[in-house]
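The lines below spell out each chain.
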Amino acid sequence: MICLDNSDWGRNGDFPPTRWESIQETTRLLYEAKLSANRESTVGLLSMAGYRVDVLVTPCTEDGRLLTATQGCKVGGDKVDLIKSLEIAMLALKHRPNKKQAQKIIVLLCSKLTEEADALVQLGNCLLYTSDAADERS
């Protein structure tokens, strides 16, 4: 599951490409590598900013759906609710088609964190308990 930060922080264009363009390119490279490595691999997309957390694509093997969702996701929203986003990503992974696959959540973040450290530690312990792997790239 790839979690995209589509907040207003992604519009920063001090150096080309902008943060949002970099996130889109990284997302494309990630799902292409995952899907080409193994035909049974599934990848899902989730946007974290805006009024609510949106699951753009549930875990699937179709790169066309992933490309359409990545290109169709718009930048907007003040803040990112990282904890709620990771909880929804865990829920989406719980209902994945192939239960024997490893679960991994990749967070592409370009805004600052506003969550309390204790809440993040508690969420990390929950991820360890459910055997989900979480990677953060900022």
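For the structure itself, look to the data block above.
Residues numbered from 1 in each chain as written. Predicted model: local features only at pLDDT ≥ 70, side-chain atom pairs only at ≥ 80, totals over all residues. Heavy atoms only, no water.

It is worth spelling out the overall build of the protein at this point. Along the backbone of the protein there are four helices and five strands. Ordered by position from N to C terminus, the α and β elements of the protein give β-α-β-β-α-α-β-α-β. For the protein, whose C-alpha radius of gyration is 14 Å, the value lies close to the compact-globule estimate of 14 Å for 138 residues. Dimensions of the protein along its principal axes, counting C-alpha atoms only, are 40 × 35 × 25 Å. For the protein, the proportion of its 138 residues judged to be buried stands at 40%. Of the contacts made within the protein by residues no fewer than 6 positions apart, 71% connect residues no fewer than 24 positions apart. As displayed, the protein has an accessible area near 8300 Å², and 52% of this comes from carbon and sulfur atoms. Of note, the protein has its 17 positive side-chain charges centred 6 Å away from the centre of its 19 negative side-chain charges. (Helix = DSSP H or I, 4+ residues; strand = E, 2+ residues; numbered from the N terminus. Rg over C-alpha atoms; globule rule 2.2 N^0.38 Å. Buried < 20%, exposed > 50% of the residue type's maximum accessible area, 1.4 Å probe, protein only. Contact = heavy atoms within 4.5 Å. Areas by Shrake-Rupley, 256 points an atom, 1.4 Å probe, with all protein chains shown as cover. Lys, Arg positive; Asp, Glu negative; His and termini not counted. Charge placed at Lys NZ, Arg CZ, Asp CG, Glu CD.)

In this model helix α1 (residues 19-37) runs 27 Å from its N-terminal to its C-terminal C-alpha over 19 residues, within 8% of the 27 Å that 1.5 Å per residue would give. All of the buried residues along α1 are W20, I23, Q24, T27, Y31 and L35. Seen from one end, α1 has its buried residues packed into an arc of 100°, which puts them on one side. Facing away from the buried side of α1 by more than 90 degrees, the exposed set consists of S36 and A37. Those residues of α1 that are buried are in contact with β1 (2-4), β2 (43-47), β3 (54-60), α2 (63-72) and β4 (104-108). (Expected span 1.5 Å × (residues − 1). Arc of directions from axis to C-beta.)

All right, on to the pattern of salt bridges then. Once the charged atoms of two side chains with opposite charge are near each other, the side chains can pair. Counting across every chain of the model gives four salt bridges. Salt-bridge contacts for E25 lead to R28; the nearest nitrogen and oxygen are separated by 2.5 Å. With E25 and R28 both in helix α1, this residue pair falls three residues apart, about one helical turn. Among the ionic pairs, E32 bridges to R28, the shortest N-O distance being 2.9 Å. With E32 and R28 both in helix α1, this residue pair falls four residues apart, about one helical turn. (Salt bridge = Lys/Arg side-chain N within 4 Å of Asp/Glu carboxyl O.)

Here we take up the side chain of T27. By secondary structure assignment, the location of T27 is in helix α1. On the accessibility criterion, T27 (0% relative accessible area) is buried. Setting aside chain neighbours within four positions, we find T27 in contact with I2, L4, L45, T70 and L108.

Let's shift gears to the nonpolar core. Counting 19 residues, the largest nonpolar core has C3, L46, M48, I105 and V107 as the members making the most contacts within it. When contributions to this core are tallied by element, the ones reaching two or more residues are α3 (82-94), β4 and α4 (117-129). For this core, the leading source of residues is α3, giving seven residues. Counting residues in hydrophobic clusters, the runner-up holds 17 residues, among them V43, L45, C73 and C110. (Core = buried A, V, L, I, M, F, W, Y, C linked by side-chain atoms within 4.5 Å.)

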